[in-house]
Amino acid sequence: MAENKKVVMVGIPGVGKTTLLTNMEKIIKNHKKSVCVISFGTLMFELAKENGIKDRDELRKLSVSEQQKLQKLAAEKIALHDEDVVIIDTHAFISSSEGYYPGLPEHVLKIIKPTNFVSVSAKPEEIYNRRMKDDTRNRDKITLANIKKELDAQSGMISACSVISGSPVKHILNGEGKVDEAADKIINAIGL
């Protein structure tokens, strides 16, 4: 692996992305590669706190222009990373009052220059059950119909990112109890 990898991993809440990322980070370190996992939303939130935002879930309630400014600033910080593997943990879209806003619009892609995309999904019923157990976030109403819409939106958005950037996208089904299998598929897809 000559060049460093900038891997954008997307997944709607409840697909098991955080668990998957923890496993991947261990595997990459076992390959003697430097790795950095960056949560795009957390980075945006850190920047937004400087402007008075107190709760991460308030980010999606900001106007599109405010979100764009924060995305640009976060992307510029991410672009500075030079580890062997930089994994950007994010969402393909932000659900706002104006509709689905892309989590990775063209201006962000041009700054980050991703080498790979990974789209993580799970069965809608599994996502529903995982979200119902998560009381750490202030989420919108959870229904299976909404989860299916979100999965469709994610697939469309990440496919567009792949077309715009020219970088491949790997779709991963993260089934209950199969996180190691999913992590292995991703590691292989990014060439480790």
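Fair warning: this is a prediction, and the values are worked out from it, not measured in the lab.

Participant: So what exactly am I meant to see when it comes to the overall build of the protein here?
Facilitator: Summing up its helical and strand segments, the protein has seven helices and seven strands in all. Starting at the N terminus, the α and β elements of the protein follow one another as β-α-β-α-α-β-β-β-α-β-α-α-β-α. The C-alpha radius of gyration of the protein comes to 16 Å, within 12% of the 16 Å expected for a compact globule of 192 residues. Over its C-alpha atoms, taken along the principal directions, the protein stretches across nearly 40 × 35 × 30 Å. In the protein, buried positions account for 45% of the 192 residues.

Participant: Before we go on, may I ask you to explain the UniProt feature "binding site: ATP" (unreviewed entry) in the protein in this structure?
Facilitator: Here the UniProt-annotated "binding site: ATP" (unreviewed entry) positions come out as G11, I12, P13, G14, V15, G16, K17, T18 and T19. Relative to the helices and strands, G11 is located in the loop between β1 (5–10) and α1 (17–30). Given a relative accessible area of 0%, G11 falls into the buried group. Excluding its chain neighbours within four sequence positions, the residues that come into contact with G11 are K17, T90, H91, V120 and Q154. Along the chain, G14 falls in the loop between β1 and α1. Discounting chain neighbours no more than four positions away, the residues touching G14 are I127, R130 and R131.

Participant: Honestly, the side chain of N174 in this entry has me stumped. Any pointers?
Facilitator: In this fold, N174 is placed in the loop between β7 (169–173) and α7 (179–189). A polar contact is formed between the side chain of N174 and the backbone oxygen of G16, at a distance of 3.4 Å. Sequence-distant contacts of N174, defined by excluding residues within four places in its chain, comprise V15, G16, L20, V120, S121, A122, E126, R130, V179 and A182.

Participant: What's the story with the pattern of salt bridges in this structure? I'm lost.
Facilitator: Pairs can form between side chains of opposite charge whenever their charged atoms are close. Scanning all chains against the criterion turns up nine salt bridges. Of the charged contacts in the structure, one is a salt bridge between D89 and K17, with a shortest N-O distance of 2.3 Å. Residue D89 is found in strand β3 (residues 85–90), and its partner K17 is found in helix α1; the two are separated by 72 residues along the sequence. With respect to class, D89 is no different from K17; both count as buried. E126 serves as the salt-bridge partner of R130, at 3.8 Å between the closest nitrogen and oxygen. With R130 and E126 both in helix α5 (residues 124–133) and four residues apart, this pair spans about one turn of that helix.

Participant: I'm lost on the packing of helix α2 (residues 40–49) against helix α3 (residues 64–79) in this one. Help?
Facilitator: Packed helix pairs are characterised by how far apart their axes lie and by the angle those axes make with each other. α3 packs onto α2 with a crossing angle of 115 degrees between their chain directions and a minimal axis gap of 9 Å. One finds that α2 runs roughly perpendicular with respect to α3. The two elements α2 and α3 meet at a crossing, and its hand is right-handed. Packed against α2, whose contacting residues are F40, L43, M44, L47 and A48, the element α3 presents Q67, L70, Q71, L73, A74, A75, K77 and I78 at the interface. For the contact of α2 with α3, the residue count by class is ten nonpolar, two polar and one charged.

Cut-offs used in this document
Residues numbered from 1 in each chain as written. Predicted model: local features only at pLDDT ≥ 70, side-chain atom pairs only at ≥ 80, totals over all residues. Heavy atoms only, no water. Helix = DSSP H or I, 4+ residues; strand = E, 2+ residues; numbered from the N terminus. Rg over C-alpha atoms; globule rule 2.2 N^0.38 Å. Buried < 20%, exposed > 50% of the residue type's maximum accessible area, 1.4 Å probe, protein only. UniProt positions renumbered as here; feature names shortened; annotations may be inferred. Contact = heavy atoms within 4.5 Å. Polar contact = N/O pair within 3.5 Å; in protein donor to acceptor, adjacent residues only side chain to side chain. Salt bridge = Lys/Arg side-chain N within 4 Å of Asp/Glu carboxyl O. Axes fitted to C-alpha atoms, helices over the stretch in contact; angles between N-to-C directions. Parallel < 35°, antiparallel > 145°, perpendicular 65-115°, else oblique. Left-handed = near helix turned anticlockwise from the far one by under 90°. Nonpolar A, V, L, I, M, F, W, Y, C, P; charged D, E, K, R; others polar.

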